[in-house]
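# Observations on the three-dimensional arrangement
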Amino acid sequence: MPFIYKLHYALALDDVGGWVLGITASVWTLDCFVGFYLTLPATKTTRSTQSSLATKTFWQRWQPAWLIKWSASKTRIIFDLHRAGGLWLWLALLVFAWSSVYMNLGGFYTQVMQSVSEYHQPWTEFSDLPQPVQNPQVNWRQAQDIAQAELNHLAQTQGIRSLAPSGFWINRAKGFYVYAVKSTVDIQDHGGNTRVVIDANSGAVKQVLLPTGQYSGNTITSWLLALHTANIWGLPYKIFVCVLGLAIVMLSVTGVLIWLKKRRSKRAKPASVS
């Protein structure tokens, strides 16, 4: 399982694989919008079709893109599977594409999210120290007590209750601890991402980050992560993600077949003219 995880996350190639998958995910995200646009009904028509299209609504003209004509030729069925499958699963495909960018190209993801929403993370909010903290003045136990006191205050003032601890680590380069818990504003089934950031030397609370309801960008990211990892809505959603994986394989194969068909057609055109 560890190898399969590394293969999925970074092609088992560490940083190089992470960059490859991150760039691929970025292209995939862009392709979601390009593919969606290509399914829209054409606005320019010939004179012979103008009269027939004039009486049809936008949806009536777009509807064939959502359907599969099983009685048609093999080539048409492949095309319909690719187009209709992409449309019906479009939102899920976009979620998995953009969340993959978050996992592999965090810097790029942060720049985009901060340009369109309010998005905060401790590793982008605070600069590196001149020297990493090797012997922090605040020890682990003290940092935990400070974080717990802040969480108790959060429960009293905002009604956000802590349910269980989920993580505790130190960022020596930036000089802070991060204490994470699962709280009543977390959405995932397992683990939690309600975080308190504590200065490792002064003990000051530098930041309190809630997974939902605080910043729009953080809320979106929490949903993307939970949906990508199937850590929400129990077994039914896990089954959906499994089926989605098979559908992505189908879309990839049909896409390659369509590309090969068009490539052969372009190569055959000069020969037919001569």
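Scroll up to find the structure this text is about.
First things first, this report covers the structure right here in the doc. Predicted model, so just to flag it, every value in this text is computed and none were measured. (Residues numbered from 1 in each chain as written. Predicted model: local features only at pLDDT ≥ 70, side-chain atom pairs only at ≥ 80, totals over all residues. Heavy atoms only, no water.)

Here we take up the packing of aromatic side chains. Taken as a whole and judged by the stated rule, the model has 20 aromatic pairs. Aromatic pair Tyr 109 and Tyr 119: ring centres 5.7 Å apart, planes at 80 degrees, arrangement edge-to-face. Separated by 10 residues along the polypeptide, Tyr 109 in helix H7 (residues 106–116) and Tyr 119 in the loop between H7 and helix H8 (122–125) bring together distant segments of the chain. Put simply, the rings of Phe 33, Phe 36, Phe 58, Trp 59, Trp 62, Trp 66, Trp 88 and Trp 90 touch in pairs and so form one group of aromatic residues. One cation-aromatic arrangement involves Lys 206 over Phe 126; the distance from NZ or CZ to the ring centre is 4.3 Å. (Phe/Tyr/Trp six-rings, centres within 6.5 Å; stacked < 30°, edge-to-face > 60°. Helix = DSSP H or I, 4+ residues; strand = E, 2+ residues; numbered from the N terminus. Lys NZ or Arg CZ within 6 Å of the ring centre and 35° of its normal.)

All right, on to the side chain of Ser 222 then. Its location among the elements puts Ser 222 in helix H10 (residues 216–228). Residue classification places Ser 222 among the buried residues on the basis of a relative accessible area of 11%. Aside from chain neighbours lying at most four places away, what touches Ser 222 is Ile 187, Pro 211 and Thr 212. (Buried < 20%, exposed > 50% of the residue type's maximum accessible area, 1.4 Å probe, protein only. Contact = heavy atoms within 4.5 Å.)

In any sheet, the strands associate via hydrogen bonds between backbone groups, in a parallel or an antiparallel arrangement. Spatially, the four strands line up as an open sheet ordered S1-S2-S3-S4, and their pairing is antiparallel. A single partner strand is all that each edge strand has here, and the edge strands are strand S1 (162–171) and strand S4 (205–209). Each neighbouring strand pair of the sheet contributes to a mean axis angle of 15 degrees, computed without reference to strand direction. Two elements, S1 and strand S2 (residues 176–183), share eight bridges in a ladder whose sense is antiparallel. Along S2, the bridge assignment pairs Trp 169 with Val 178. (Pairing = 2+ DSSP bridges. Axes fitted to C-alpha atoms, helices over the stretch in contact; angles between N-to-C directions.)

So, about helix H5 (residues 74–88). In this model, H5 (15 residues) spans 21 Å end to end at C-alpha, consistent with the 21 Å of a helix rising 1.5 Å per residue. Within H5, burial applies to Ile 77, Ile 78, Asp 80, Ala 84, Gly 85, Gly 86 and Leu 87. (Expected span 1.5 Å × (residues − 1).)

Here helix H6 (residues 90–104) crosses H7 at 120 degrees, and the two axes come no closer than 5 Å. With respect to H7, the element H6 is oriented oblique. Every residue of H7 that contacts H6 at Trp 98, Val 101, Tyr 102 and Asn 104 is listed here: Gly 106, Phe 108, Tyr 109, Val 112 and Met 113. Residue composition of the contact of H6 with H7, by class: seven nonpolar, two polar and no charged. (Parallel < 35°, antiparallel > 145°, perpendicular 65-115°, else oblique. Nonpolar A, V, L, I, M, F, W, Y, C, P; charged D, E, K, R; others polar.)

Looking now at the pairing of S4. Direction of pairing for strand S3 (residues 194–199) relative to S4: antiparallel, over a ladder of four bridges. What sits directly across from Val 197, in S4, is Gln 207. Between the end of S3 and the start of S4, which pair antiparallel, lie five residues, with Gly 203 showing a positive phi angle near 80 degrees.

Moving on, we come to the side chain of Thr 221. Looking at the element boundaries, Thr 221 is found in helix H10. Take Thr 221: its relative accessible area is 5%, and that puts it in the buried class. Residues contacting Thr 221, with those up to four places away along its chain left out, are Tyr 102, Tyr 109, Met 113 and Tyr 119.

Glancing now at the environment of Lys 56. Tracing the backbone shows Lys 56 in the loop between helix H3 (47–54) and helix H4 (58–62). On the basis of relative accessible area, Lys 56 is assigned to the partly exposed category, the value being 42%.

Another point: the environment of Leu 163. Within the secondary structure, Leu 163 is located in strand S1. Look at Leu 163 and you get partly exposed, because its relative accessible area is 47%. Put simply, Leu 163 and Leu 91 are 72 residues apart on the chain and 31 Å apart in space, counted from C-alpha to C-alpha. If sequence neighbours within four positions are ignored, Leu 163 has contacts with Lys 182, Ser 183 and Thr 184.

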